[in-house]
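Below are the chains, spelled out letter by letter.
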Amino acid sequence: MEMIWEDGFTIKVRGEEKEVVISANREGLLSLANQLKALANESVESHLHYDEYNSLEDGSSELIIERIE
């Protein structure tokens, strides 16, 4: 799956007790939307894995989104 990022994207994820907060600028939201659409169109179970080393802001919690049948 091709990961397309909008220029200037910012995304941060933090977990707080029983909730997860995803904070993003416009470019970050567009990037996530495009990647979620690509994940939905995958023909097999797959996942998106985000962390501070490959796309999230420093100090972010990891975020994994799985496609299930």
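I will try to describe carefully the structure that is included in this document. Owing to the predicted nature of the structure, the values given are computational and were not obtained by experimental measurement. (Residues numbered from 1 in each chain as written. Predicted model: local features only at pLDDT ≥ 70, side-chain atom pairs only at ≥ 80, totals over all residues. Heavy atoms only, no water.)

## Quick look at the pattern of salt bridges
In step 1: Under the criterion given, the structure shown has two salt bridges.
In step 2: For the salt bridge of R14 with E16, the shortest nitrogen-to-oxygen distance reads 2.6 Å.
In step 3: In this structure R14 comes out as partly exposed when scored by relative accessible area, which is 36%.
In step 4: The partner of R67 in a salt bridge is E69, and the shortest N-O contact between them spans 2.5 Å.
In step 5: In this structure E69 comes out as exposed when scored by relative accessible area, which is 68%. (Salt bridge = Lys/Arg side-chain N within 4 Å of Asp/Glu carboxyl O. Buried < 20%, exposed > 50% of the residue type's maximum accessible area, 1.4 Å probe, protein only.)

## Overview of the packing of aromatic side chains
In step 1: For the coordinates displayed, the defined rule picks out two aromatic pairs.
In step 2: Note on W5 and F9: the rings are 4.3 Å apart at their centroids and 25 degrees apart in plane angle, and the pair reads as stacked.
In step 3: Seen from their ring centres, W5 and Y50 are 6.1 Å apart, and the 80 degrees between their planes marks the pair as edge-to-face. Taken together, the positions of W5 in the segment before β1 (11-16) and Y50 in strand β3 (residues 46-50) put the pair 45 residues apart, joining distant regions of the chain.
In step 4: Since its relative accessible area comes to 25%, W5 is described here as partly exposed.
In step 5: Taken together through their ring pairs, the aromatic side chains of W5, F9 and Y50 make up a single cluster. (Phe/Tyr/Trp six-rings, centres within 6.5 Å; stacked < 30°, edge-to-face > 60°. Helix = DSSP H or I, 4+ residues; strand = E, 2+ residues; numbered from the N terminus.)

## As for the pairing of β1
In step 1: Bridge analysis of β1 against strand β2 (residues 19-24) gives six bridges, and the strand direction is antiparallel. Its bridge partner being in β2, K12 is matched across the sheet by S23.
In step 2: With antiparallel pairing between neighbouring strands as the criterion, β1 and β2 make up a hairpin whose turn holds two residues, including E17 at a positive phi of roughly 50 degrees. (Pairing = 2+ DSSP bridges.)

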